[in-house]
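Chain residues, written in single-letter form:
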Amino acid sequence: MDLSTLDWGSVPDYLAVFGIMGGIILGLRTWAKDRREQREQDAREREEQATGVALVVAYCIPPSRLGSLQRALTCSVESLAGVPVFDVNLKVRYVGGSNLVPPSLRELCFESSVITGEKSMRDLISIEEWPEIEYHMRDFTWELEFTDLHGKRWRRLPKGMPLLLQ
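None of the values given here were measured: they were computed from a predicted structure.

Chemist: Can you tell me about the pairing of strand S1 (residues 56-61), naming the residues and giving the values?
Modeler: Consecutive side chains along a regular strand alternate between the two faces of the sheet. Every second residue of S1 is oriented toward a common face, the buried set being Val56, Ala58 and Cys60 and the non-buried set Val57, Tyr59 and Ile61. Relative to strand S2 (residues 72-79), S1 runs antiparallel, the two sharing 6 bridges. Counterpart to Tyr59 in the pairing with S2 is Ser76.

Spelled out as structure tokens, the structure:
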């Protein structure tokens, strides 16, 4: 086979091929960059939204009969980010092993219409209502539900991040 008789094309043909290939490569790179930037922006928005709800915290301090320590069951919900939350519902359950705790104190429910950074929900159940036994933090568990500024409903348990309900 004699290679000298083959038609190798002209310089304009080569330039057209390289131009088309370069355009396709440039288009794909631009498309990939735009997708990456969109994913990063979506992740930032999700993080900003989650940070606000991640800083909505609840805690329960068990009653104590010792000296100046807390003499009531203290339950509190706070929005540490300063972002208001609405329709707050805190369910506290006594999961300890004592049969002396009456059924009326085994599950308690606290509600508030709005909580902001300056305002917290705090309720006390007086020590007189609790039997004289030793209580620990592990004797109580809670479940918190609230609505954020965007109207989304969240649930938070003692461990972990809030979970979106809707």
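Chemist: Which residues make up the pairing of strand S6 (residues 140-147), and what values do they have?
Modeler: Taken across its 8 residues, S6 has 7 buried, putting it largely inside the fold. When strand S3 (residues 85-94) meets S6, the two strands line up antiparallel, connected through 7 bridges. In the sheet register, Asn89 faces S6, and the bridge partner there is Glu145. Judged from the 4 bridges that link them, S6 and strand S7 (residues 153-156) form a sheet pairing that is antiparallel. From the neighbouring strand, Phe146 faces S7, where its bridge partner is Trp154. The antiparallel hairpin formed by S6 and S7 contains 5 residues in its connecting segment, where Gly151 sits at a positive phi of about 85°.

Chemist: Describe the pattern of salt bridges, and please don't skip the residues or the numbers.
Modeler: Any two side chains of opposite charge can pair if their charged atoms end up close together. By the definition in use, this model includes 4 salt bridges. We note a salt bridge from Glu145 to Arg155, for which the minimum N-O separation is 2.7 Å. Taken together, the positions of Glu145 in strand S6 and Arg155 in strand S7 put the pair 10 residues apart, joining distant regions of the chain.

Chemist: Give me the sheet that holds S2: which residues, what numbers.
Modeler: What the 3 strands build is an open sheet, ordered S1-S2-S5; its pairing is antiparallel. In this open sheet, the two edge strands, each paired with only one partner strand, are S1 and strand S5 (121-126). On average, each strand axis in the sheet is inclined to that of its neighbour by 5°, with strand direction left out of account.

Chemist: Tell me about a positive patch on the surface, and please be specific about residues and values.
Modeler: There is a patch of like positive charges on the surface, built from Lys33, Arg35, Arg36 and Arg39. Within the secondary structure, Arg35 sits in helix H1 (residues 11-54). On the basis of relative accessibility, which here comes to 42%, the residue Arg35 falls in the partly exposed class.

Chemist: Please set out unusual backbone geometry residue by residue, giving values where relevant.
Modeler: Even without being glycine, Asp87 reaches a positive phi, approximately 45°. Accessibility expressed as a relative area gives 46% for Asp87, which makes it partly exposed.

Chemist: Explain the environment of Glu111 to me, using residue names and the numbers behind them.
Modeler: Along the chain, the position of Glu111 falls in strand S4 (residues 107-115). Considered as a pair, Glu111 and Asp87 are 24 residues apart in the sequence and their alpha carbons are 7.3 Å apart.

Chemist: Give a description of the sheet that holds S4 that names residues and reports values.
Modeler: Across the sheet, which stays open at both edges, the 5 strands sit in the order S4-S3-S6-S7-S8 with antiparallel pairing between neighbours. For this open sheet the edge positions go to S4 and strand S8 (163-164), each flanked by a neighbour on one side alone. With 2 bridges joining them, S7 and S8 adopt antiparallel strand pairing. Paired with Arg155 across the two strands is Leu163, which belongs to S8.

Chemist: For the packing of aromatic side chains, give the residues involved together with the corresponding values.
Modeler: Here the structure, examined in full by the defined rule, presents 5 aromatic pairs. Geometrically, the ring pair formed by Tyr94 and Tyr135 is edge-to-face, given 6.2 Å between the ring centres and 80° between the ring planes. Residue Tyr94 is found in strand S3, and its partner Tyr135 is found in the loop between S5 and S6; the two are separated by 41 residues along the sequence. Like Tyr135, Tyr94 is buried. Seen from their ring centres, Tyr94 and Phe140 are 5.5 Å apart, and the 65° between their planes marks the pair as edge-to-face. Placement of Tyr94 in strand S3 and of Phe140 in strand S6 is noted, with a sequence separation of 46 residues between them. As far as burial versus exposure is concerned, Tyr94 and Phe140 are alike and both buried. One aromatic cluster is present, built from ring pairs that chain together Tyr94, Trp130, Tyr135 and Phe140.

Thresholds, definitions, all that
Residues numbered from 1 in each chain as written. Predicted model: local features only at pLDDT ≥ 70, side-chain atom pairs only at ≥ 80, totals over all residues. Heavy atoms only, no water. Buried < 20%, exposed > 50% of the residue type's maximum accessible area, 1.4 Å probe, protein only. Helix = DSSP H or I, 4+ residues; strand = E, 2+ residues; numbered from the N terminus. Pairing = 2+ DSSP bridges. Salt bridge = Lys/Arg side-chain N within 4 Å of Asp/Glu carboxyl O. Axes fitted to C-alpha atoms, helices over the stretch in contact; angles between N-to-C directions. Patch = residues over 30% accessible without salt bridge, like charges linked within 9 Å, V, L, I, M, F, W, Y side chains within 5 Å. Areas by Shrake-Rupley, 256 points an atom, 1.4 Å probe, with all protein chains shown as cover. Lys, Arg positive; Asp, Glu negative; His and termini not counted. Charge placed at Lys NZ, Arg CZ, Asp CG, Glu CD. Phe/Tyr/Trp six-rings, centres within 6.5 Å; stacked < 30°, edge-to-face > 60°.

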